[in-house]
Amino acid sequence: MTRSHAGRRKVLAATAAALALSLVAACSSGGDDTDGGSSDGASSSGGGAGETIQFFLSGDANQGGGFAHMAEKYKEETGVTVEIVDLANADLPTKLKNAAQANDLPALARVGGVDPVWINATVDLAEVAESSDIKMDLAAVDPDGKVLSLPTDVTAVGMFINKTAFDAAGVAFPTTLDDAWTWDEYVAAVKEVQDKADKSYGMVVDRSSHRLKAFLFEFGSEWFQPNADGEWETNDETKTAFEYFKSLNDDSFMPRSVWLSDGDGNALFKSGDVVSYMSGSWQIADFSTNITDFEWASVPLPKQPVEATNYGNAANIVVFDGTGEEQLATDFVTWLYQPENYTELAETSGFLPAVNGLDITYASNPEAFALYNESIERSPEVVGKIKANDLAYEVAGLATEGDPVRDEFIKYLNDEQDVDTTIANIIAQLTDQLGPLP
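So, how was this worked out
- The numbers attached to residues start from 1 for each chain and follow its sequence in the written order.
- Where totals are concerned, whole chains, interfaces and linings use all residues; where local detail is concerned, this predicted model gives features only for residues with pLDDT of at least 70, and gives and counts side-chain atom pairs only at 80 or more.
- Side-chain measures were taken over the full set of non-hydrogen atoms in the model, leaving aside hydrogen atoms and water.
- Stacked, tilted and edge-to-face pairs are distinguished by plane angle, under 30 degrees for stacked and over 60 for edge-to-face with tilted covering the rest, among Phe, Tyr and Trp rings (Trp via its six-membered ring) whose centres lie within 6.5 Å.
- In this text, helices come from DSSP runs of H or I with a minimum length of four residues, and strands from runs of E with a minimum of two, each type numbered from the N-terminal end.
- Three labels apply to residues, based on accessible area from a 1.4 Å probe with only protein chains included: buried if under 20% of the type maximum, exposed if over 50%, partly exposed otherwise in between.
- Working rule: Lys NZ or Arg CZ, within 6 Å of ring centre, within 35 degrees of ring normal, means a charge sits over the ring.
- Here, a strand pair is defined by DSSP locating no fewer than two bridges between the strands.
- The charge count treats Lys and Arg as positive and Asp and Glu as negative. His and the chain ends do not count.
- The working definition used for a salt bridge is a side-chain nitrogen of Lys or Arg within 4 Å of a carboxyl oxygen of Asp or Glu.
- Contact between two residues is taken to exist if any of their heavy atoms lie within 4.5 Å; hydrogens are not considered.
- Identification of polar contacts relies on pairs of N or O atoms within 3.5 Å, with a donor-acceptor requirement for protein atoms, meaning one able to donate a hydrogen and the other able to accept it, and with residues adjacent in sequence counted only if both atoms are side-chain atoms.
- Of all possible arcs, the one meant is that of the directions from the helix axis to the C-beta atoms.

Draft legend 1. A look at the packing of aromatic side chains. The final tally for this structure, using the stated rule, is 33 aromatic pairs. Considering the side-chain rings of phenylalanine 160 and tyrosine 372, the 6.4 Å spacing of their centres and the 45 degrees angle between planes classify their relative orientation as tilted. Here the residue phenylalanine 160 occupies a position in strand 5 (residues 147–162), and tyrosine 372 occupies one in helix 15 (residues 366–377), the gap between them amounting to 212 residues. This pair shows no difference in class: phenylalanine 160 is buried, exactly as tyrosine 372 is. The ring of phenylalanine 253 carries lysine 191 above its face, with NZ or CZ at 5.8 Å from the centroid.

Laid out in structure tokens, this is it:
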């Protein structure tokens, strides 16, 4: 590790620690309601009937309002009101940072990741984890064993097709993983449908490194990982996958506007003018409700030659310390993860479950959910390893500036640099900004 790199990591860690310490100090001096930390807050919140706690999250309305539904059920059973505050996804992290710095955090939140600004203002959810069979490989756990957050649901990348267009063109498509197509076979089939059904585009892919990871895994890439010295590296298949993706992003098969101008892939697919859409499991609830002009289907992801998706925690739940409502919030989370209640949440929201061993009955498109669950089970070990690496850096308070993989890849797609330069730049930035695994 270079001296400048080590210094940068020390500055990051020191900054995170200073923010966390100032937050804890602010919380402990916030008045009678919060004085004494989580233990006093928990004891002073005994009972709870008639109490109200706030739950910050994003996207609940888009996924069936499952948390709002469970909050209503919880109030009926306990008398405690869980006020759902549904914020725009882009606004939620900023809202929580500002709330932390103002000593005004909500009781709990559903977040995309642990933030250094409030990481030390979280309640240990170990007892909640022990009371339910939660997928702990997707939880954020610090080196001392403190459970900072628990996954609320699982997300996975998948492929959707315009089934009406396939049927009209008379082109067959696989429905099971055992019959999954290769990328070459998929592209040929989609191009035939695009031509015969007169569609503007054959495929759209979300502008996201989450989607790009799945694509790379399917070509045998092992993504980007640090070696023992903290230097990041990748294998040759990453270059092959990059080049293949670029060949498709030609403004004929794929619209260049999505990756180069942040066009809306979801809207393009729902317009009916695109044959296929590489996105993810969270789209099922939306499509079930909002696509009425054509029939769609979830199909196996192509392989070249690896059968893989990219999966992980869609979001995690945290309970904040220093609010005076720690016990009320922890009681709600414990209740939420009980098998009967979590099953109801998953069925209402159309979640891939973050709890093992449940029999989830989906009201619509059960075959699509089954396909995602099987894809997760059959993915190679490297997928889980990369997710574990991501969580380790998150818990350590280390993050990159922006998204080096996505951002450098866009430069390659826009012909600003060649593929070798793209990979070298990604490796350099990850090595400099993250270094070895914590």
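Alright, that's what it looks like, and here's the rest.
Draft legend 2. Spotlight on the pairing of strand 5. Of all 16 residues in strand 5, 16 are buried, a share of seventy percent or more. In the sheet, strand 4 (residues 140–141) pairs with strand 5 via two bridges, with the strands oriented antiparallel. The residue bridging valine 141 from the neighbouring strand is valine 147, located in strand 5. Where strand 4 hands over to strand 5, the hairpin turn is made up of five residues, of which glycine 145 adopts a positive phi near 90 degrees. In this structure, strand 5 lies alongside strand 11 (residues 311–319), joined through six bridges in antiparallel fashion. Paired with alanine 156 across the two strands is tyrosine 311, which belongs to strand 11. Where strand 5 and strand 9 (residues 274–280) come together, five bridges link them in antiparallel fashion. Directly across from glycine 158, in strand 9, lies its bridge partner serine 279. Inspection of the sheet shows strand 5 paired to strand 10 (residues 296–299) by four bridges, in the antiparallel sense. From the neighbouring strand, isoleucine 161 faces strand 10, where its bridge partner is alanine 297.

Draft legend 3. A look at the side chain of lysine 387. Along the chain, lysine 387 falls in helix 16 (residues 381–395). Lacking a salt bridge, the buried lysine 387 has aspartate 390 as its closest oppositely charged neighbour, with an N-O distance of 5.1 Å. Ignoring sequence-local partners within four residues, the contact set of lysine 387 consists of Leu138, Tyr311, Gly312 and Asn313.

Draft legend 4. Local environment of the environment of proline 93. Turning to its location among the elements, proline 93 is positioned in helix 4 (residues 92–101). A sequence separation of 18 residues divides proline 93 from valine 111, and the C-alpha atoms of the two residues are 7.6 Å apart.

Draft legend 5. Summary view of helix 8 (residues 209–218). Counting buried residues along helix 8, nine of its ten residues qualify, which places the element largely inside the surrounding structure. Within the sequence span of helix 8, burial applies to Ser209, Arg211, Leu212, Lys213, Ala214, Phe215, Leu216, Phe217 and Glu218. The backbone nitrogen of histidine 210 has a side-chain oxygen 3.0 Å away, supplied by the residue at the start of helix 8, namely serine 208. One or two residues past the end of helix 8 sits glycine 220, with phi positive at roughly 90 degrees.

Draft legend 6. Quick look at the pairing of strand 11. In terms of burial, strand 11 is a largely internal element, eight of the nine residues being buried. The pairing of strand 3 (residues 108–111) with strand 11 spans four bridges and is classified as antiparallel. What sits directly across from valine 111, in strand 11, is asparagine 316.

Draft legend 7. View of helix 4. Taken residue by residue, helix 4 has Leu92, Leu96, Ala99 and Ala100 as its buried positions. Around the axis of helix 4, the buried residues are gathered within 100 degrees of arc, so they sit on the same side. Of the residues flanking the end of helix 4, it is asparagine 103, one or two places downstream, whose phi is positive at about 55 degrees.

Draft legend 8. The arrangement of the pattern of salt bridges in detail. Applying the stated rule across the entire model yields 18 salt bridges. A salt bridge links aspartate 115 to lysine 97, with the shortest nitrogen-to-oxygen separation between them at 3.6 Å. Taken together, the residues aspartate 115 in the loop between strand 3 and helix 5 (126–130) and lysine 97 in helix 4 connect sequence positions 18 residues apart. Residue class for aspartate 115 comes out buried when judged on its relative accessible area of 12%. Here glutamate 192 ties to lysine 196 by a salt bridge, and the two come within 2.7 Å at their closest N and O atoms. Separated by four residues within a single helix, glutamate 192 and lysine 196 lie in helix 7 (residues 183–196), roughly one turn from each other. What emerges from the salt-bridge pattern is a single network uniting Asp178, Glu307, Glu374 and Arg378.

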